[in-house]
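So you can see what is in the structure, the chains are spelled out below.
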Amino acid sequence: PPSWWIGMKDTKLQLMVHGEDISNAKISIQKPGVKLVKIHKPESSNYIFLDLLILPGTTPGDLKINIGNKSIKYPLQAREPGSAARKGFDHSDIIYLITPDRFANGDPSNDTLPEMIEQANRKNRGGRHGGDIQGISAHLDYIKEMGFTTLWSMPLLENNLATYTYHGYAISDFYKTDPRYGTNEQFRELCLQAKVRGIKTIMDVVLNHCSSGHWWMKDKPFYDWINYGGNYINTNHRREANQDIHASQYDKEKMQAGWFVETMPDMNTRNPYLATYLIQNTIWWIEYAHLAGLRIDTYPYIDKTFSSSWSKAVLHEYPHLNMVGEEWSYNPIIVSYWQKGGKNKDGYTSSLKSLFDFPMQSALVNGLNEKEAFNDGLIKIYQTLANDFVYANPKDLLVFGDNHDMDRLFTQLKNDPDLMQMALCYLLTIRGIPQIYYGTEVLIENTSKPGDHGLIRTDFPGGWKDDTVNGFTGTGLTKD
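Note that residues are indexed from 1 along each chain, following the sequence as it is written. Given that this is a predicted model, residues contribute local features only at a pLDDT of at least 70 and side-chain atom pairs are listed and counted only at 80 or more, while totals for whole chains, interfaces and linings are drawn from all residues. Side-chain numbers here rest on the full set of heavy atoms in the structure, without hydrogens or water.

**A few points about the overall build of the chain**
Inference 1: In this description a helix means any DSSP run of H or I spanning at least four residues, a strand means any run of E spanning at least two, and both kinds are numbered starting from the N terminus. Helix and strand counts for the chain stand at 12 helices and 17 strands.
Inference 2: Note that the radius of gyration is over C-alpha atoms, with the globule rule given as 2.2 Å times the number of residues to the power 0.38. Over its C-alpha atoms the chain spans a radius of gyration of 23 Å, differing by no more than 12% from the 23 Å that the globule rule assigns to 480 residues.
Inference 3: Viewed in the frame of its principal axes, the chain has a C-alpha envelope of about 75 × 55 × 45 Å.
Inference 4: Expressed as a percentage of the 480 residues in the chain, the buried residues total 58%.
Inference 5: Any two residues whose heavy atoms approach within 4.5 Å at even a single point are treated as in contact. Restricting the contact set of the chain to residue pairs at least 6 apart, pairs at least 24 apart contribute 74%.
Inference 6: What sets the accessible areas is the Shrake-Rupley method with a 1.4 Å probe; for residues, cover comes only from the shown protein chains. Working note: accessible area of the chain is about 20400 Å², and carbon and sulfur atoms make up 54% of it.
Inference 7: Think of it this way: Lys and Arg go in the positive column, Asp and Glu in the negative one, and His and the chain ends go nowhere. Where a charge sits is defined by one atom per residue type, namely NZ (Lys), CZ (Arg), CG (Asp) or CD (Glu). Averaged over its 49 positive side-chain charges, the chain has a centre that lies 6 Å from the centre of its 56 negative ones. Note on exposure labels: buried denotes an accessible area under 20% of the residue type's maximum, exposed denotes more than 50%, and partly exposed covers the range between, all computed with a 1.4 Å probe on protein chains only.

Now the structure itself:
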């Protein structure tokens, strides 16, 4: 991490230091109350890992790290009062999900930057359009006035590849906000301004993979830092293998270690140094940005021993924080496996409080679209709700009609405003934590090209200066 805090429950800190041939340098530190416990030298001579112990009573201030004839000042800061007791989102909240590149362009000057490979092109559905943190900040009052109490943005961290980077899930620096969105300081300020308005902030966390453009891909500290030695082998997507007692070891390994695509290398979280790196990264962002929750991408693809350790480490520091995991399965037994409090036959224990209720999402759409019959229609919703007994805590599930990876709810409901209103009424009153995707309130749809992510994640009308329709003010909207 680029900095740390005095007074964390876990007094251990491991620093990754990267520089040419530094493993042969003499290392020492200077700071009362901080001990250098161990120096680890990985396979690459351009890294060292330092195990530090921050003793009780240590005062804030810079830690001086001496590496050969160079010195680094490393900030150790005081924590905000009450930081550990922060309250996460729960079933009293309602979440507004945003695709940041497509919501509002508050600062056109950062659309095209020489240091970033992909530049803005609003005509390209799969390209960058210019939405940013300033655009979200400028419309916090709009979000508040609709009644939302929690904001979840797709990842805002740097994605520096040539194409298709706006979605944010190919992270090339886990400690840096993408400059086309803004700065770390601007993200922190967004969270603080939201908090002033009574809005909590959820950060979208990616623990399974990174970007092929990540700086460490050119010089990995360990050979096994990336699964399959850094060679692209696709996952089989057999998520059931996590709990299938009959699954082959081959299927289990390929599901967990395989990559999504060649530009998203699958990280080997069984490597203890990488595991610590990701745990500390999550804690750093929670503390730095005043986060109230986390959304974990592709949760069942992560090594489940690591994901259990990761969630326990986060909750050790923030016992009231909430985290929701993505398990895109329509079988409630598969989803319930990952929820805290579940009694799994294989003995696996999870600390994850909330899961996305994909079974209910599917049942809601099918139930409203189908003609009423003995096993069709609204009975689908009842049958899914009746499966709540498999969950440890059904009220902690996150319910939704659509998200950034599926057709818009209005499109799924055949552009029928009455069905749309019924669906929203159900989502806003059923057990669980409701999440609404940005633009639902103005009936954004993608009926002309189902499955097209560029249309699913379309620009919010009024987010750009030359828009003739403005969803923020209501200008140009139809009656529906």
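**Quick look at the sheet that holds strand β3 (residues 27–30)**
Inference 1: Note: two strands are recorded as paired if DSSP finds a minimum of 2 bridges between them. Taken in spatial order, the four strands of this open sheet run β1-β7-β6-β3, and their pairing is mixed. Every interior strand has two partners, whereas the edge strands, β1 (4–6) and β3, have only one. Sheet twist, expressed as the average angle between the axes of neighbouring strands with direction ignored, equals 35 degrees.
Inference 2: One ladder, built from seven bridges, connects strand β6 (residues 61–67) with strand β7 (residues 70–78); its direction is antiparallel. Bridge pairing links I65 to I72 in β7. Fitted lines through C-alpha atoms serve as axes, helices being fitted only where they are in contact, and the angles separating the N-to-C directions of these axes extend from 0 to 180 degrees.

**Examining the environment of I283**
Inference 1: Within the secondary structure layout, I283 lies in helix α5 (residues 272–289).
Inference 2: Considered as a pair, I283 and H91 are 192 residues apart in the sequence and their alpha carbons are 24 Å apart.
Inference 3: Dropping the residues within four chain positions of it, I283 is found in contact with W4, M8, A313, V314, E317 and Y318.

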